[in-house]
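Chain and residue survey
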Amino acid sequence: MITKSYQVYPRCEVMSYAIARLKKLKRGNISGSASHTARERETPNADPTQKNIRFIGSLNPEERLEDLVLAKIAEHEQKRKIRTDAVYCVELLLSASPSYFRPDCPTNAGYYEQQKLDDWVEATHQWLADEYGSRIVRAELHLDEATPHIHAYFVPVDDQGQLRCNHFFDGRQKIHEFQDSYYQTMRLIELERGIKGSRAKHQDIKDFYRIVEEGRDLEVDELSAAQLKAKAADRDRANQRKQEMEATAKALSLENEQLRLRIAQLEQDNQSIKKLTEWSTDLALDDVAWELGLWRKGNEWVGGSHIINIDGSKFSDLASGSYFEGNHAIDLVKHVNQCNQTTAIAWIGERFGEVGAKRAAIAHAQKVTADIIQTQPVPQFAPPIEDKKQWQQVEHYLTQKRGIPSDCVQMLHNQGLVYADSKANVVFVMRDLEGNTKGAFLEGTTNKFSGYELGTVRRDSWFYFTLGKKPSEQTSTVVLSDSPIDAISVAMLEYQVKGIPENRTVYMAVDDTSNLPVERLRNVPCVQVAFSQPTVARAVKELLPHSTQLKCKSRDWNTQLINFSHQLQQRYSQQKHEELEL
């Protein structure tokens, strides 16, 4: 992108045009083109006193353009043999009307305003870099003819490194895209586009370039009525683009103001964090020792029966018979004053103020917390004990009350994902994404009880199961539901209509976005949201923009499953009745 702010010049009476032409070069034509642009042969209309500038490519006079082109092609192995008539290189001719370079005297061939030239060269150089990158192997600015212009050589290798000129310049549409791309940059320095979509013959274009090279502009009387109409349409489009740019500028101004306010807020937050950081830092033990009435003797603090050595946040009492080690200000006060923690904090508050006391207490609490985390074992989740005697009642509840097909219930039971506890509750096993059991959701069969088993790690475990393909296959679809019952119901509704999924599909119960495995789901091509609450569905959509929502036709998916099963049963009964009548 062009980031420089170019000097804006007043628009002159005669419109100035950006010029972009190209010529396809076969291997045999490369040397001839190079000898012309490098002035290796006599050029009648060139001024030998003017020096041309090569701004892309080596200045080594022994370096041949053909070698540069072949080297660029050889950077990648060509999958097919290059045809003898293939286009090896494309010569780009880039220029502008003389009235742009010398608005006050367009017919004064060879003269140009330096600022105008500099802006045009920089914009063109940037466009070549953005559009073609390292595939431009040479570019030269010619100043020895009537009007400044640039010859650039482009090796048409695609993103796979294959030589394919047609990929870039095949047909009128791609030529237009090439010219449009150049114009989008040139309009930033007040250059007009040529007549877009013109069907002028190639000879007409040569005449146009000849006029420019002779140092003259296109006069109005040299344009046909159709061309004048086309230019008027171009001007209207330019005005419209100008309005769009002004609207964009206003929007960017508003966005910048919002960013300024955001930066101010972040600076304020940074100050708050800085203050909190200071608060989380303990009092300096040297200051505490001084307040305790000890005095420094060499590297130690002494007083009474104490010889205190301080090392950062740690201290040790080296006195004979009373060796003691401790951490932080509160420990030091407790040791020297022979008091409990409450009295130590009160003493620090009296000497260092409330803020000092809080700093000391926070630092002490952090140390105690860190010690507990490092030394105490973490309690592990213990799943409810299975009671096989209660399974028949749980199975009856799931199949008869909840309308879940018997073979599905048996499948989940065999996989250890659903079982019964001693109170005849349905136990839905919750696992992390590696399959480790970390929780359970319980649902009563004789009452309305439901909830999580004590110790369940809700943030890192879910009830889920998989249908379709082998376990080794990559998951392509995930269906998210509110509860284990709804997850099973959605799966059975899809199964009864479409059969087993063709792709590997995971059905997962997620009761809130706070425990949504967002990072893992971002890599799943298809995420379907089957939540009954629209607000939760919208929250998931913000986190996973590629997700889609499934519409429930009843108050929840289990009710829809039960209704669908009844409809199937009615159809089956009706069909049997009709068969008996026959």
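Residues numbered from 1 in each chain as written. Predicted model: local features only at pLDDT ≥ 70, side-chain atom pairs only at ≥ 80, totals over all residues. Heavy atoms only, no water.

**A few points about the overall build of the protein chain**
Selection rule: Going along the chain from the N terminus, every DSSP run of H or I of four or more residues is numbered as a helix, and every run of E of two or more is numbered as a strand. The buried label applies to any residue whose accessible area, calculated with a 1.4 Å probe on protein chains only, is under 20% of its type's maximum; exposed applies above 50%, and partly exposed to all values in between. To be clear on the numbers: accessible area is Shrake-Rupley with a 1.4 Å probe, and residue cover counts the displayed protein chains and nothing else.
In terms of helices and strands, the protein chain carries 17 helices and 19 strands. In the protein chain, which comprises 582 residues, the share counted as buried stands at 40%. Summing over all exposed atoms, the protein chain offers an accessible surface of approximately 34500 Å²; the carbon and sulfur share of this is 50%.

**Some words on the environment of Ser532**
The condition that has to hold: We call two residues in contact when some of their heavy atoms are within 4.5 Å.
Relative to the helices and strands, Ser532 is located in the loop between strand 18 (526-530) and helix 16 (534-543). The class of Ser532 is partly exposed, set by a relative accessible area of 39%. With 25 residues separating them in the primary sequence, Ser532 and Trp557 have C-alpha atoms 8.2 Å apart. Contacts of Ser532, omitting those with residues within four sequence positions, involve Asp482 and Arg555.

**Re the confidence of the model for the protein chain**
Just so we agree on the cut-off: The pLDDT score gives, residue by residue, the confidence of the prediction method on a 0 to 100 scale.
Mean pLDDT over the protein chain: 85, with 88% of residues reaching 70 or higher. Of the regions scoring below 50 in pLDDT, residues 197-209 engages in 10 contacts with residues more than four places distant in sequence or in other chains. Here residues 215-222 scores under 50 on pLDDT; set against residues more than four positions off or in separate chains, the count is 24 contacts.

**Some details on the sheet that holds strand 11 (residues 418-420)**
This is how it is decided: Pairing between strands requires that DSSP locate at least two bridges from one strand to the other. What counts as an axis is a line fitted to C-alpha atoms, over the stretch in contact for a helix, and the angles between N-to-C directions run from 0 to 180 degrees.
If you walk across this open sheet you meet the 4 strands as 11-12-13-14, and the pairing is antiparallel. The sheet is open, and its two edges are formed by strand 11 and strand 14 (450-452), each paired on a single side. Across the sheet, the mean angle separating the axes of adjacent strands is 25° when strand polarity is ignored. Note that strand 11 and strand 12 (residues 425-431) share 3 bridges and pair antiparallel. Looking across to strand 12, one finds that Val418 is bridged to Phe428.

**Topic: the packing of aromatic side chains**
So the rule is basically this: Aromatic rings from Phe, Tyr and Trp, taking only the six-membered ring of Trp, are treated as a pair when their centres fall within 6.5 Å; an angle between ring planes under 30 degrees marks them as stacked, one over 60 as edge-to-face, and anything in between as tilted.
Following the criterion strictly, the structure yields 15 aromatic pairs and no others. Taking the centre distance of 5.6 Å and the plane angle of 90° together, the rings of Trp127 and Tyr132 count as edge-to-face. Seen in terms of ring centroids, Tyr132 and Phe154 are 4.5 Å apart; in terms of plane orientation they differ by 45°. Their pairing is tilted. Here Tyr132, found in helix 4 (residues 114-132), pairs with Phe154, found in strand 5 (residues 149-154); they are 22 residues apart in sequence, far enough to count as distant. We classify Phe154 as buried; its relative accessible area is 0%. Ring-pair connections join several aromatic residues into one group, and the members of that group are Trp127, Tyr132, Phe154, Phe168, Phe169, Phe178 and Tyr182.

**Topic: the environment of Leu128**
Inspection of the secondary structure puts Leu128 in helix 4. Its relative accessible area of 0% is what places Leu128 among the buried residues. Leu128 sits 72 residues away from Ile56 along the chain, and the two C-alpha atoms are 10.0 Å apart. Apart from the residues lying within four places of it in its own chain, the contact partners of Leu128 are Phe55, Ile56, Leu92, Leu94, Gly133, Ile136, Ala139 and Ala152.

**Concerning a nonpolar patch on the surface**
Here is the rule we go by: Patches here: salt-bridge-free residues with over 30% relative accessible area, like charges joined within 9 Å, nonpolar side chains (Val, Leu, Ile, Met, Phe, Trp, Tyr) joined within 5 Å. Definition used for salt bridges: Asp or Glu carboxyl oxygen within 4 Å of a side-chain nitrogen of Lys or Arg.
Taken together, Ile307, Leu318 and Tyr323 make up a surface patch of nonpolar side chains, about 280 Å² in accessible area. Relative to the helices and strands, Ile307 is located in strand 8 (residues 306-311). Ile307 sits in the partly exposed class, given a relative accessible area of 30%.

**Let's talk about the packing of helix 1 (residues 27-37) against helix 2 (residues 65-74)**
Selection rule: Note on terminology: angles under 35 degrees are roughly parallel, angles over 145 are roughly antiparallel, angles of 65 to 115 are roughly perpendicular, and the others are oblique. In this count, Pro and Cys sit with the nonpolar residues alongside Ala, Val, Leu, Ile, Met, Phe, Trp and Tyr, while Asp, Glu, Lys and Arg are called charged and the others, Gly among them, polar.
Between helix 1 and helix 2, the least distance of the axes is 8 Å, while the angle of their chain directions is 135°. Judged on the interaxial angle alone, helix 2 and helix 1 are oblique. Facing helix 1, whose interface residues are Arg27, Ile30, Ser31 and Ala34, helix 2 presents Leu65, Glu66, Val69 and Leu70. A breakdown of the residues in the contact of helix 1 with helix 2 according to their chemical character gives 5 nonpolar, 1 polar and 2 charged.

**A word on helix 12 (residues 391-401)**
By the burial criterion, the buried members of helix 12 are Trp391, Val394, Tyr397, Leu398 and Thr399. Buried residues in helix 12 make contact with helix 13 (406-414), strand 11, strand 12, strand 13 (437-444) and helix 14 (484-498). Gly403 sits one or two residues past helix 12 and shows a positive phi near 70°.

**Here's the deal with the packing of helix 10 (residues 328-337) against helix 11 (residues 341-375)**
Orientation of helix 10 relative to helix 11, taken along the N-to-C sense of each, is 125°, at an axis distance of 6 Å. Judged by the inter-axis angle, helix 10 sits oblique to helix 11. The segment helix 10 lies against helix 11, with His328, Ala329, Ile330, Asp331, Val333, Lys334 and Asn337 engaging Gln341, Ala344, Ile345, Trp347, Ile348, Ala360, Ala361, Ala363, His364 and Lys367. For the contact of helix 10 with helix 11, the per-class residue count stands at 10 nonpolar, 4 polar and 3 charged.

**Concerning the pattern of salt bridges**
With the rule as written, the count across this model stands at 23 salt bridges. A salt bridge links Arg39 to Glu145; its shortest N-O distance comes to 2.8 Å. Here Arg39, found in the loop between helix 1 and strand 2 (53-56), pairs with Glu145, found in the loop between strand 4 (136-142) and strand 5; they are 106 residues apart in sequence, far enough to count as distant. Using a relative accessible area of 9% as the deciding quantity, one classes Glu145 as buried.

**Here's the deal with the nonpolar core**
Definition in use: We define a nonpolar core as any set of buried Ala, Val, Leu, Ile, Met, Phe, Trp, Tyr and Cys residues linked to one another through side-chain atoms lying within 4.5 Å.
Ranked by internal contacts, the top residues of the largest apolar core, which has 33 residues, are Leu92, Trp120, Leu128, Tyr132 and Ile136. Residue assignment for this core shows that the elements contributing at least two residues are strand 1 (18-26), strand 3 (87-96), helix 3 (98-101), helix 4, strand 4, strand 5, helix 5 (166-169) and helix 6 (172-186). The leading source of residues in this core is helix 4, at 7 residues. One finds Leu398, Leu412, Ala420 and Ala491 within the second-largest nonpolar core, a separate group that totals 31 residues.

**Points about the state of the cysteines**
The following threshold applies: We call a pair of cysteine sulfur atoms a disulfide when they lie within 2.5 Å.
Taken as a whole and assessed by the stated rule, the structure comprises 0 disulfides. No disulfide involves Cys89; its sulfur sits 9.3 Å from the nearest other cysteine sulfur, which is in Cys165. Overall, Cys89 belongs to the buried group, its relative accessible area being 0%.

**Topic: the environment of Ser481**
Mapped onto the elements of the fold, Ser481 is located in strand 16 (residues 477-481). Under the relative-accessibility criterion, Ser481 is labelled buried at 1%. Note: C-alpha distance between Ser481 and Ala509 (28 residues apart in sequence) is 4.8 Å. Each residue touching Ser481, except ones within four places of it in the same chain, is listed here: Asp486, Ala487, Val490, Met508, Ala509, Val510, Ala530 and Phe531.

**What to know about unusual backbone geometry**
At His328, a position not held by glycine, the phi torsion is positive, near 75°. Looking at the element boundaries, His328 is found in helix 10.

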